[in-house]
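Observations on chain architecture
Here's the letter readout for the chains.
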Amino acid sequence: MGMAAVAALAIAALHLLSVRQPPTLWLPTARFVEAGDARAVARRPRPNDLLLLALRVAALLLAGAALAGARCDGGGPARVHLVVADSAFRSDSAAWWPRAVASADASAGTSVGTSADAERVMAVWATGVHTDPGAALVAAQREAARIANADRAVEQVALTVVVPSHVRSTRGWQTWRSAWPGAVHVVSHTARGDTIADPTDLPSRVPVVVQTSLDDDPVVAAFAGMRSAQPVVIVRDSVMDSTRDARDTIVVHWPNTGAPAAWQHLISADSIGGVAAREVALVAPFIRAFAWKPDSALADTPIVWWSDGETVATEHATATGCARAVYLPVVSGSDVLQGAAAAGVREALISPCGGALLSTAALTVAPQDSSASKVAEARAFRSAGAASERSEPWWLTPLLLVVALGLLIAEQVLRRREMTA
Amino acid sequence: MSAAGENRTGHGALLDAVRGLRWPARRAVGAAPPGTHRSSQRGTAGEFTEYRLYRQGDDPRALDWKLLGRSDRAFIKLSDDRALLTTWIVVDGSASMAFPDDSPSSRSKFRLAREVAIGLAAVVHASSDPVGVIVSHAAGVSRVPPRTRRGTVPEIARVLEGVSCGGADALTPSIAALSPNARIVCLTDCLGDQDALLRAASALTAAGAQFECVHVIAAEELALPAGAHLVRDPESAESRQAGVVLPARDRAGYAKAFAEFRDATRQRWRAIGAGYTEVHTSNEPARAVRAVVVGTGSC
């Protein structure tokens, strides 16, 4: 459509020019003159041939509108508010939906030229938000592009993301946040059974204790000199003493052989190339002979994962705190746990209860960038989307093309009539 | 011409400039009343030229009786005759002769032709030769028959000043009807049907007429006006419709073609035994008259 407008302007500009006829000279010796091209272009203050100009401009604009996919809109909502949440939150949506809608109303009130009546709130369910809120942004991008290309009346797309209080990683969020061309309202929601405490700011003052019977236990070397906010005891015995439950002490059961009770023996062991925790990956070869089976009674929360997403360590709450179980086979004498790459694993295991995961509190802070504080424009998604430019209703494009063709025919007839005259 | 006559024509300066000019015939004139031009006839004028043996049929009055008495041989005395030479001045008044428009800074071809015609008529009339004018113009053809009486030149001037240019070239029928025992001066721009005119002139010249072509050329035809123009020929119906675009630059082609045309015209007129003089509107009419009378070819 823009190209058609530019072409129409060019036509109008050309109508300001005229090919000037040279003055007539009655010359008896004209027979000796060799014919030449003496046309001269001159500017005129007013466009000439106004009717021709109107026909040409109208034909161009109609053709441009037809090819651009003109639509006859019935006055749909000017703004769509997307509320993206994890599929796991569907069951307790009553808890967070009012807050998300309130966020939508607040954003509608601050936007110029929109009203709550001209806004449609849509819920979008996404998977993986529990792991990384970036998944919600990806789902929102996809949905916004679909809506923007399907409904030309939509001018703005507001976004509210319902995120858990703690997630495995925020890397995806940080990556995809810049791809969303506007403000993102974050509503934090804690699902039932999640650990609510966030003691990450507690000072680390208690040394970590490793109880082992091995002489060269690599875990001892890995945690030597480390301190934690809460007392942590890492038990390397294969069988956990059920009576061991000191007050405010986090007991980490990490048997040096075999696996904790929640892990089941695999039919055949396999190899795995790495472990990740707290957004730090430890890349090293491991032999995996057990797999974690969730125990609904204990409501275990994974805190360390294999590179394929399987659980390495879990945490469950106890009456006096929490307990952790780890299946991470490390060969005696290995230094794989001592490097910086293993810092994520170490910190996840000795962090206070509920602190093994990353808090999403920082995501709710509004960015300083002014462009990221406004509601996203729908045209950003239209340009990003590869949707076809189809008119609505479907017969609008052929109708406009036929009218444009008729105008061009009329222009030809008019021009010939002028030439003959 | 008397002073009153000069005043009547309004060409006093021109007539003063050509006063005293004599325009002898280029060849001996045929049988004609006695005049100032050398005649091809042998007569009994007082000025003796030679003797010739008497032949039967000679006029006995021309016998030299004294010589017959002394030598018993019959001779007759011969002498050259002098004859009048009628001069027709034919002026082309076609549309092309109106170029360029008369203005204080320029003179049209017809205006120059008219003044040269008056000057030549004055020269002829001063020699007591009959002089007449034929002019073709927009309204047809006007004629002043050859006369020697007083007031002929003012009458010719009046006729020439009373016509306006227009139409195509119609000289040929008028010229073809003229007597060959005359001097015919044609003032034209040679842009009409020159082939027909040359055929008529050739026939007259062969019959004894003394033909003079005065080719009138406008200075603006030699140096075209600056800038691009849509050029139209006033005598060509086709050109009047469409015209030809004259470019603002590169006039070399035109200059070359026009020069070739003038050269060809001069050669064709001289080839039939006619005199040819090229006169330009930038020159004074008196100078053009002198060029025609003297026969310099151009001025």
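In this numbering scheme, every chain counts its residues from 1 along its sequence in written order. Chain letters and ligand numbers both follow the written order, the letters beginning at A and the numbers at 1. In keeping with the predicted nature of the model, local features appear solely for residues at pLDDT of at least 70, side-chain atom pairs appear and are counted solely at 80 or more, and the whole-chain, interface and lining totals rest on all residues.

**Digging into the overall build of chain B**
The following threshold applies: The numbering of helices and of strands both runs from the N terminus, where a helix is a DSSP run of H or I of at least 4 residues and a strand a run of E of at least 2. Here a residue counts as buried when 20 or more other C-beta atoms sit within 10 Å of its C-beta, as exposed when there are 12 or fewer, and as partly exposed otherwise, the C-beta atoms being derived from the backbone. We call two residues in contact whenever the C-beta atoms placed from their backbones are within 7 Å.
Helices and strands together make up the secondary structure of chain B, namely eleven helices and eleven strands. Sorting the 299 residues of chain B into buried and exposed places 41% on the buried side. Nonlocal contacts in chain B, meaning residues at least 24 apart in sequence, comprise 70% of its contacts between residues at least 6 apart.

**Quick look at the interface of chain B and chain A**
Heads up, the condition is: Classes in brief: Ala, Val, Leu, Ile, Met, Phe, Trp, Tyr, Cys and Pro nonpolar; Asp, Glu, Lys and Arg charged; the others, Gly included, polar. Two strands form a pair only when DSSP identifies at least two bridges running between them.
In this assembly, 26 residues from chain B lie in contact with 18 residues from chain A. Elements with a contribution of two residues or more to the side of chain B that touches chain A: strand 9 (229-232), strand 10 (244-246) and helix 10 (252-271) of chain B. Broken down by element, the residue count for the side of chain B that touches chain A peaks at five residues, all from helix 10 of chain B. Residues that form the side of chain B that touches chain A fall into these classes: 16 nonpolar, five polar and five charged. Bridge count between strand 2 (residues 24-26) of chain A and strand 9 of chain B: three bridges; the pairing is parallel. When the sheet's bridge partners are listed, A:Thr24 is paired in strand 9 of chain B with B:Leu230.

**Quick word on the packing of helix 1 (residues 2-14) of chain A against helix 2 (residues 50-67) of chain A**
Residues and elements named next belong to chain A. Rules: Fitted lines through C-alpha atoms give the axes, limited to the stretch in contact for helices. The angle between two N-to-C directions lies from 0 to 180 degrees. Should an angle lie under 35 degrees it is considered roughly parallel, over 145 roughly antiparallel, and from 65 to 115 roughly perpendicular; all remaining angles are considered oblique.
Axis separation between helix 1 and helix 2 bottoms out at 8 Å; the angle between their running directions is 170 degrees. With respect to helix 2, the element helix 1 is oriented roughly antiparallel. In this structure, helix 1 contributes Met 3, Ala 4, Ala 5, Ala 7, Ala 8, Ile 11 and Ala 12 to the contact, and helix 2 contributes Leu 53, Arg 56, Val 57, Leu 60, Leu 61, Ala 63 and Gly 64.

**Examining the confidence of the model for chain A**
Detailed conclusions should not be drawn from predicted coordinates in areas where pLDDT is low. Residues and elements named next belong to chain A. Here is the rule we go by: What pLDDT conveys is the predictor's confidence in a given residue, as a value from 0 to 100.
On average, residues of chain A score 79 in pLDDT, and 80% of them reach the 70 mark or higher. Below a pLDDT of 50 lies the segment residues 110-114, which in the model reaches seven contacts outside its immediate sequence neighbourhood of four places, other chains included. For residues 195-199, every residue scores under 50 in pLDDT, and the model assigns this stretch 16 contacts once sequence neighbours within four places are set aside.

**Quick notes on unusual backbone geometry**
Residues and elements named next belong to chain B. Here the residue pair Phe 99 and Pro 100 is connected by a cis peptide bond, since its omega of -15 degrees sits within 30 degrees of zero. The phi dihedral of Asp 72 is positive, around 55 degrees, even though this residue is not glycine. For Asp 72, the position within the fold is in the loop between helix 3 (65-71) and strand 3 (75-83). Judged by the 7 C-beta atoms lying within 10 Å of it, Asp 72 is exposed.

**Side note on the nonpolar core**
Rule in force here: Among buried residues, those of type Ala, Val, Leu, Ile, Met, Phe, Trp, Tyr and Cys that are joined through C-beta atoms within 7 Å form a set called a nonpolar core.
Ranked by size, the top nonpolar core spans 74 residues in total, and within it A:Val84, A:Ala136, A:Val157 and A:Leu159 carry the most contacts. For this core, the leading source of residues is helix 4 (residues 134-150) of chain A, giving eight residues. In contact with A:Ala136, not counting residues within four places along its chain, are A:Val84, A:Ala126, A:Val129, A:Val161 and A:Val163. If you look at the next biggest cluster of nonpolar residues, it comprises 71 residues, including A:Trp26, B:Ala117, B:Ala121 and B:Ala201.

**With respect to the packing of helix 4 (residues 109-126) of chain B against helix 11 (residues 285-294) of chain B**
Residue and element names in this part refer to chain B. Convention followed: Crossings are assigned a handedness: left-handed for a near helix turned anticlockwise from the far helix by less than a right angle, right-handed for a clockwise turn.
At a minimum axis distance of 9 Å, the contact between helix 4 and helix 11 shows a crossing angle of 55 degrees. Considered as vectors, helix 4 and helix 11 are oriented oblique to each other. Pair helix 4 / helix 11 crosses with right-handed handedness. When helix 4 is examined against helix 11, the residues Leu 112, Glu 115, Val 116, Gly 119, Leu 120 and Val 123 are found in contact with a partner set consisting of Pro 285, Ala 286, Ala 288, Val 289, Val 292 and Val 293.

**Looking at the pairing of strand 14 (residues 263-277) of chain A**
Working note: regular strand, side chains alternate between the two faces of the sheet. All names here are of chain A. Note: strand 14 against strand 15 (residues 280-292), ten bridges, orientation antiparallel. Looking at strand 15, one finds that Ala 276 is bridged to Ala 281. Between strand 14 and strand 15, which pair antiparallel one after the other, the connecting turn spans two residues, and Arg 278 there sits at a positive phi close to 50 degrees.

**As for helix 11 of chain B**
Residue and element names in this part refer to chain B. Our working definition: Each C-beta atom gives one direction from the helix axis, and the arc is the one those directions make.
Every buried residue belonging to helix 11 is among Pro 285, Ala 286, Ala 288, Val 289 and Val 292, and all of these are buried. The buried residues of helix 11 occupy one face: seen down the axis, they fall within an arc of 160 degrees. Buried residues in helix 11 make contact with helix 2 (12-18), helix 4, strand 8 (210-217) and strand 11 (275-280). At the exit of helix 11 stands Gly 295, carrying a positive phi of roughly 80 degrees.

**Description of the sheet that holds strand 2 of chain A**
What the three strands build is an open sheet, ordered 2(A)-9(B)-10(B); its pairing is mixed. What marks the edges here is a single partner per strand, and that holds for strand 2 of chain A together with strand 10 of chain B. Strand-to-strand twist of the sheet, defined as the mean angle between neighbouring strand axes without regard to direction, takes the value 40 degrees. The pairing of strand 9 of chain B with strand 10 of chain B spans three bridges and is classified as antiparallel. In the sheet register, B:His229 faces strand 10 of chain B, and the bridge partner there is B:Leu246.

**Thoughts on the environment of B:Ala203**
Mapped onto the secondary structure, B:Ala203 falls in helix 7 (residues 194-206). Between the C-alpha atoms of B:Ala203 and B:Ala176, which are 27 residues apart in sequence, the distance is 8.3 Å.

**Describing the sheet that holds strand 6 (residues 140-147) of chain B**
All names here are of chain B. Taken in spatial order, the six strands make up an open sheet running 6-5-4-7-8-11, and their pairing is mixed. What marks the edges here is a single partner per strand, and that holds for strand 6 and strand 11. This sheet shows a mean twist of 15 degrees between the axes of neighbouring strands, independent of strand direction. One ladder, built from six bridges, connects strand 4 (residues 87-92) with strand 5 (residues 131-137); its direction is parallel. Its bridge partner lying in strand 5, Trp 88 is registered against Gly 132. In the packing of helix 4 onto the sheet, the strands contacted are strand 4, strand 5, strand 7 (183-188), strand 8 and strand 11, and the crossing angle to strand 4 comes to about 175 degrees.

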